[in-house]
Amino acid sequence: MNITQSILEALESLNANRLRSGLTMLGIIIGVGAVIAMLAVGQGAQSSITGAISGIGTNLLFVASGNRVQNVKNPRPITMEDAQAIADPLVSPDVAAVAPEIQGSVDVTVANGKQTTNAITGVTPDYFTMENYTVTEGAVITQDQILGQASVVVIGPTIADTLFGRHDGLVGETIRLNGQPFHIIGVTASKGGGSFGSQDSSIFVPISTAQTRLIHRASVNQVDLIYVQATSADTVNQATEEVTQVLEQRHHTPIGIDDFTIFSQKDILSIATTVTGVFTIFIGGIAGISLLVGGIGIMNIMLVSVTERTREIGLRKALGARKRDILTQFLTESSLLSLFGGVIGIGLGWGLALLIGRIAAATGNAFNPTVNLSSILLATLFSAAVGLFFGIYPANRAAGLEPVDALRYE
Amino acid sequence: MGDPVIVANNLTKVYKMGNQDVCALCGVSLEIGRGEVVSIMGPSGSGKSTLMNILGCLDLPTSGEYSLDGEEVSLLKDDELADIRNRKVGFVFQSFNLLNRTTALANVELPLRYAGITTSRRDLALEALEAVGLKERVMHRPTELSGGQQQRVAIARALVNAPAIIMADEPTGNLDSKVGKEIMALLLDLNHKKGTTLIIITHDSSVAAQTQRIIHLRDGLIEAV
């Protein structure tokens with residue numbers, strides 16, 4: 001018997017038990033579908049996160065208080081003065097721009113009665129250029145407004161929609177942050193959803209205003225994070241070195257442990273890649289368990305099928321079927337069952353991945369689940385292998401039947 | 001009698017029942033000539049089925065020699081036995097044993113598939129079906145055929161490899177007497193036309209009466225020839 005004939009015969013026999021074949025395949029369909037969908041979502045999340053991190057520029061550094069590697073007691077906070085010192089072009093020639101930032105949460109109310117709680121970010125003018133924010137109307141925060149601790153805000157389009165039901169013609173309107181009135185001076189252009197929460201629902205205020213009136217820290221000149229832009233991607237290492245020297249001097253830690261941490265975009269990228277990679281393997285592994293369960297389902301049904309067809313096996317042997325013929329017949333059946341399940345499962349997983357992508361887009365966290373060729377190949381091969389593996393035992397049992405006993409079987 | 005196609009010498013088959021050895025065949029010797037029609041009769045437990053299984057190469061004797069169409073069978077391995085069955089033996093069973101999910105034609109083609117014949121397979125199968133008078137029903141499934149027609153398909157399947165012997169185990173047992181007669185007539189006709197050796201295992205003395213020779217078995221031994 002050649003392989004085409006075996007496949008045709010297997011199809012015939014699977015077709016004869018359509019409901020049973022379908023239900024058996026369901027196990028593999030769900031298993032493969034889950035694996036494909038989960039890998040796609042994982043990969044989509046990974047590329048979206050790395051894309052978001054890459055989007056912030058390869059020449060950016062982030063300076064934060066505390067040490068993430070070693071334990072340090074009473075780390076000094078990062079301050080506005082630290083930011084100004086870093087910005088000195090004589091001390092750090094490889095630093096192009098510096099933007100301190102402070103973040104907090106406030107109650108937002110508007111005259112029309114809408115109210116919400118939203119994050120606010122205290123920033124300097126450089127922040128907008130470094131983070132690539134543009135405005136659709138009005139202007140961004142100026143240095144004068146920083147100096148004057150002005151009561152002005154620049155808001156994102158999403159929060160504008162939430163508060164006013166529109167995101168144009170808003171310049172000059174007033175919103176209240178923790179009860180204090182602020183004038184809207186600009187609305188930022190949409191940047192789309194990011195993986196760190198939507199950047200379109202940000203509310204920006206002058207950093208000095210935030211420090212004195214909205215976000216209360218231990219000292220008034222304290223900041224949460226300093227963005228440092230190196231002059232180019234090639235000078236990131238020199239810039240890091242310069243920033244380290246400035247801060248070591250200012251924090252009196254030239255020897256001993258630094259009480260601050262400098263991340264580069266590369267560091268964050270590699271951490272994010274590792275985390276999402278582990279995450280993907282983890283959920284893929286869980287989905288893989290259902291594939292295993294599906295395989296056991298196949299074995300179960302094949303065993304039933306062997307028992308049910310004992311007479312048929314006896315007959316085939318009487319007509320001259322060798323052990324190998326019977327073995328091939330049952331292995332072909334189980335492999336085909338699994339392979340079909342796998343192919344349908346790929347379709348299902350793909351659809352599921354697209355659906356998850358749509359849902360994510362609808363909730364404002366757009367990312368593209370990516371089904372790539374390697375995961376399709378992997379799923380196909382794996383499902384066929386599952387069928388083959390879990391078919392071996394039943395097929396062997398069939399092939400080992402004595403023709404005399406099998407023919408007599410009722 | 002011509003040259004013998006079956007030569008069996010002192011065949012025994014011993015089964016273990018608990019601690020006891022029970023012989024189903026206790027030393028059977030027989031010769032069957034080419035083209036002969038022989039029936040094997042005997043009460044239940046006489047060893048009929050065991051003898052048929054051994055003569056049909058479905059099973060091996062515990063001891064004794066058996067040669068079928070000039071080939072010594074008693075020392076063969078499983079796959080070699082399968083090969084012998086495929087080439088030299090055609091089976092007709094009481095309950096037809098057709099595959100219900102395929103057509104009559106596919107059922108008849110089955111032995112040829114295992115023989116590895118591909119090109120002339122369809123023609124040979126059609127020819128066999130024509131020989132049993134089922135030319136019009138080749139694409140029917142067994143469930144769409146009457147009992148007699150199903151047995152005809154089974155006979156065509158037994159014929160298709162041009163075997164040396166056809167073993168028929170109660171071929172008329174599941175059929176009414178009229179159809180049974182037709183099937184017997186067909187088998188005898190085929191023996192007449194093609195010269196295929198025919199061995200019929202039966203309870204029915206009217207069936208046995210139509211054969212040239214009756215072998216009576218009792219308690220694993222041949223009673224009278």
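Residues numbered from 1 in each chain as written. Chains lettered and ligands numbered in written order. Predicted model: local features only at pLDDT ≥ 70, side-chain atom pairs only at ≥ 80, totals over all residues.

1. Thoughts on the overall build of chain B
Here is step 1 of the chain: Within chain B, the regular secondary structure consists of seven helices and ten strands.
Here is step 2 of the chain: The C-alpha atoms of chain B give 17 Å as radius of gyration, which agrees with the globular expectation for 225 residues (17 Å, within 12%).
Here is step 3 of the chain: By principal-axis analysis of the C-alpha atoms, chain B measures approximately 50 × 40 × 40 Å.
Here is step 4 of the chain: Looking at chain B residue by residue over its 225 residues, the buried ones come to 46%. (Helix = DSSP H or I, 4+ residues; strand = E, 2+ residues; numbered from the N terminus. Rg over C-alpha atoms; globule rule 2.2 N^0.38 Å. Buried ≥ 20, exposed ≤ 12 C-beta atoms within 10 Å, placed from the backbone.)

2. Quick word on the overall build of chain A
Here is step 1 of the chain: In terms of regular secondary structure, chain A is built from 13 helices and twelve strands.
Here is step 2 of the chain: Against the globule reference of 22 Å for 410 residues, chain A gives a C-alpha radius of gyration of 32 Å, more extended than a compact globule.
Here is step 3 of the chain: Within chain A, the fraction of its 410 residues that count as buried is 42%.
Here is step 4 of the chain: Look at the contacts in chain A between residues 6 or more apart in sequence, and 81% of them connect residues 24 or more apart. (Contact = placed C-beta atoms within 7 Å.)

3. A closer look at the domain arrangement of chain A
Here is step 1 of the chain: Each domain of chain A was delimited in the assignment, giving domain 1 (3–53 + 270–408) and domain 2 (77–250).
Here is step 2 of the chain: Computed from C-alpha atoms alone, the centre-to-centre distance between domain 1 of chain A and domain 2 of chain A is 52 Å. (Domains from an automatic or database assignment.)

4. Description of the packing of helix 3 (residues 80–87) of chain A against helix 8 (residues 236–250) of chain A
Residues and elements named next belong to chain A.
Here is step 1 of the chain: In the contact formed by helix 3 and helix 8, the axes pass within 10 Å of each other and the chain directions differ by 135 degrees. Compared by their axis directions, helix 3 and helix 8 come out oblique. Note that helix 3 runs across helix 8; the crossing there is right-handed. Between helix 3 and helix 8, the residues in contact are Asp-82, Ala-85 and Ile-86 and Val-243, Val-246, Leu-247 and Arg-250, respectively.
Here is step 2 of the chain: The class makeup of the residues in the contact of helix 3 with helix 8 is five nonpolar, no polar and two charged. (Axes fitted to C-alpha atoms, helices over the stretch in contact; angles between N-to-C directions. Parallel < 35°, antiparallel > 145°, perpendicular 65-115°, else oblique. Left-handed = near helix turned anticlockwise from the far one by under 90°. Nonpolar A, V, L, I, M, F, W, Y, C, P; charged D, E, K, R; others polar.)

5. Concerning helix 8 of chain A
Residue and element names in this part refer to chain A.
Here is step 1 of the chain: The end-to-end C-alpha distance of helix 8 is 21 Å, a good match for the 21 Å that 15 residues give at a rise of 1.5 Å each.
Here is step 2 of the chain: Of the residues making up helix 8, those classed as buried are Val-236, Ala-239, Glu-242, Val-243 and Leu-247. In a view along the axis of helix 8, the buried residues occupy a sector of 125 degrees, so they form one face of it. The exposed set on the far side of helix 8, more than 90 degrees from its buried face, consists of Asn-237 and Gln-249.
Here is step 3 of the chain: Contacts from the buried residues of helix 8 go to strand 1 (60–65), helix 3, strand 3 (95–110), strand 11 (225–230) and strand 12 (260–264). (Expected span 1.5 Å × (residues − 1). Arc of directions from axis to C-beta.)

6. Some points on the sheet that holds strand 4 (residues 63–68) of chain B
Residues and elements named next belong to chain B.
Here is step 1 of the chain: Within the open sheet, the four strands sit side by side as 2-1-4-5. Their pairing is antiparallel. Of all the strands in the sheet, just strand 2 (20–33) and strand 5 (71–72) have a single pairing partner and so form its edges.
Here is step 2 of the chain: As paired elements, strand 1 (residues 4–17) and strand 4 share five bridges and run antiparallel to each other. By the bridge assignment for strand 4, Asn-9 is matched with Glu-65. (Pairing = 2+ DSSP bridges.)

7. Here's the deal with the interface of chain A and chain B
Here is step 1 of the chain: In this complex, chain A contributes 18 residues to the contact, which on the side of chain B involves 19 residues.
Here is step 2 of the chain: Elements represented by at least two residues in the side of chain A that touches chain B include exactly helix 1 (3–16), helix 10 (310–318), helix 11 (323–362) and helix 13 (403–408) of chain A.
Here is step 3 of the chain: With five residues, helix 10 of chain A is the largest single contributor of residues to the side of chain A that touches chain B.
Here is step 4 of the chain: When the residues that make up the side of chain A that touches chain B are grouped by side-chain class, the tally is eight nonpolar, three polar and seven charged.

8. Describing the pairing of strand 8 (residues 180–188) of chain A
Residue and element names in this part refer to chain A.
Here is step 1 of the chain: Of the strand pairs in this sheet, strand 5 (residues 135–138) and strand 8 are connected by three bridges, and their pairing is antiparallel. Looking across to strand 8, one finds that Gly-138 is bridged to Gly-186.
Here is step 2 of the chain: Taken together, the four bridges between strand 6 (residues 152–155) and strand 8 define a ladder with parallel strand orientation. Within strand 8, the position partnered with Ile-155 by the bridge is Val-187.
Here is step 3 of the chain: Inspection of the sheet shows strand 7 (residues 174–177) paired to strand 8 by four bridges, in the antiparallel sense.

9. Here we look at the packing of helix 3 (residues 104–115) of chain B against helix 5 (residues 147–159) of chain B
Residue and element names in this part refer to chain B.
Here is step 1 of the chain: With their axes 7 Å apart at the nearest point, helix 3 and helix 5 run at an angle of 30 degrees to one another. It follows that helix 3 is roughly parallel to helix 5 by the angle criterion. Here helix 3 runs over helix 5; the crossing is right-handed. Residues Ala-104, Asn-107, Val-108, Leu-110 and Pro-111 of helix 3 form the contact with helix 5, whose participating residues are Val-153, Ala-156 and Arg-157.

10. Here's the deal with the pairing of strand 1 of chain A
Regular strands place side chains that alternate from one sheet face to the opposite one.
Residues and elements named next belong to chain A.
Here is step 1 of the chain: Bridge count between strand 1 and strand 11: five bridges; the pairing is antiparallel. Counterpart to Ala-64 in the pairing with strand 11 is Leu-225.
Here is step 2 of the chain: Two elements, strand 1 and strand 12, share five bridges in a ladder whose sense is antiparallel. In the strand pairing of strand 12, Phe-62 is matched with Phe-263.

11. Points about the environment of A:Pro125
All names here are of chain A.
Here is step 1 of the chain: You can see Pro-125 is positioned in helix 4 (residues 125–130).
Here is step 2 of the chain: Given 19 C-beta atoms within 10 Å, Pro-125 falls into the partly exposed group.
Here is step 3 of the chain: Remark: the alpha-carbon pair of Pro-125 and Ala-52, spanning 73 residues in sequence, is separated by 22 Å.
Here is step 4 of the chain: Excluding anything up to four places from it in sequence, Pro-125 contacts Val-140, Ile-141, Thr-142 and Gln-143.

12. Some remarks on the environment of A:Gly169
Residues and elements named next belong to chain A.
Here is step 1 of the chain: Structurally, Gly-169 is set in the loop between helix 6 (157–164) and strand 7.
Here is step 2 of the chain: Given 10 C-beta atoms within 10 Å, Gly-169 falls into the exposed group.
Here is step 3 of the chain: Gly-169 sits 165 residues away from Ser-334 along the chain, and the two C-alpha atoms are 66 Å apart.

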